[in-house]
Amino acid sequence: MTSPPETPLLEPFRVHLDLAAGILQDADAPLVRRASVMRGYYADAEALERLIEAENDPVHYETFESPVPEEYGQVKFCISKLYPGTVGDEFFMTKGHYHTVLQTGEVYLCLRGQGLMLMKLADGRCCWEPFSPGQLVYVPPYWAHRSVNTGDEPLISLCLYPGDAGHNYGDIQTDGFPRRVFLRQGQVVVE
Ligand code: ZN
């Protein structure tokens, strides 16, 4: 049996989580995704351009990453904060990703807001789970995942994943998800 890779010794630490604001204090530099980085992701490209123009490229979502090295054996954690709104009639969503190491899963705990976790496999199978405070979604290995905000306040979640998982956004950029989430006559519709 081969032994697992070496993992460096860290000192234990704690961080403060602002559950209502969706902010992880002392996080590594927050990652800010503005609406313009979502070009190519929404069904209605013109509606996205209008949003970028009208609101001066507003912040779409933010992630606050734990200061934990991306290495085997570590547990990375982060806060994801996805703002509410629609592009045309499609709800705001994150880009979504596979893990670079496909055999790694992830846990998402919703802290605030309302939404869906969309998941898909490379063979096109797609499913989703409703996401609201207290709901924990387990994303098993191999499943790409994207959160969608169907509410009217930020969708805030805590995610936990293996340190060496990595993020693969490229395959989603190319293939997208087979399902989209729309607001139709006041209803949340997945189609
Ligand atoms: Zn992930």
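An account of the accompanying structure is given in this report. (Residues numbered from 1 in each chain as written. Predicted model: local features only at pLDDT ≥ 70, side-chain atom pairs only at ≥ 80, totals over all residues. Heavy atoms only, no water.)

## As for the overall build of the protein chain
Next, step 1: Each helix and strand in the protein chain was counted, giving two helices and 15 strands.
Next, step 2: By its C-alpha atoms, the protein chain is 55 × 40 × 30 Å across when sized along the principal axes.
Next, step 3: For the protein chain, with 191 residues in total, the buried portion stands at 42%.
Next, step 4: For the protein chain, long-range pairs separated by at least 24 residues make up 70% of all intrachain contacts whose partners lie at least 6 apart in sequence.
Next, step 5: Accessible surface for the protein chain amounts to roughly 10,100 Å². Of this, 51% is attributable to carbon and sulfur atoms.
Next, step 6: Separation between the mean location of the 15 positive side-chain charges and that of the 26 negative ones in the protein chain comes to 4 Å. (Helix = DSSP H or I, 4+ residues; strand = E, 2+ residues; numbered from the N terminus. Buried < 20%, exposed > 50% of the residue type's maximum accessible area, 1.4 Å probe, protein only. Contact = heavy atoms within 4.5 Å. Areas by Shrake-Rupley, 256 points an atom, 1.4 Å probe, with all protein chains shown as cover. Lys, Arg positive; Asp, Glu negative; His and termini not counted. Charge placed at Lys NZ, Arg CZ, Asp CG, Glu CD.)

## Let's talk about the sheet that holds strand 9 (residues 115-120)
Next, step 1: With respect to topology, three strands assemble into an open sheet ordered 10-9-12, the strand pairing being antiparallel. The sheet terminates laterally at strand 10 (126-131) and strand 12 (144-149), the two strands that pair on one side only. Direction aside, neighbouring strands of the sheet carry axes that sit 20° apart on average.
Next, step 2: Pairing analysis gives six bridges linking strand 9 to strand 12, with the strands arranged antiparallel. Bridged to Leu118 within strand 12 is Arg146. (Pairing = 2+ DSSP bridges. Axes fitted to C-alpha atoms, helices over the stretch in contact; angles between N-to-C directions.)

## Here's the deal with the coordination of the zinc ion
Next, step 1: Taken together, His97 (NE2), His99 (NE2), Glu106 (OE) and His145 (NE2) make up the full set of protein donors to the zinc ion, lying 2.0 to 2.3 Å away.
Next, step 2: One can describe the donor arrangement at the zinc ion as irregular, given that its four donor atoms subtend angles of 83 to 161° at the metal.
Next, step 3: All donor residues of the zinc ion come from one chain, and their arrangement in sequence is H-x1-H-x6-E-x38-H. As far as the burial class goes, His97 and Glu106 line up, both buried. (Donors = N, O, S within 2.8 Å, 3.2 Å for Na, K, Ca; no water. Tetrahedral: all angles 85-135°; square planar, octahedral: opposite > 155°, others 65-115°.)

## With respect to the environment of Gly134
Next, step 1: Looking at where Gly134 falls in the secondary structure, it is placed in the loop between strand 10 and strand 11 (136-139).
Next, step 2: Given the relative accessible area of 63%, Gly134 is considered exposed.
Next, step 3: Spatially, the C-alpha atoms of Gly134 and Leu109 are 6.7 Å apart, while their sequence positions differ by 25 residues.
Next, step 4: If near-sequence neighbours (up to four positions away) are discounted, Gly134 is found in contact with Leu109 and Cys110.

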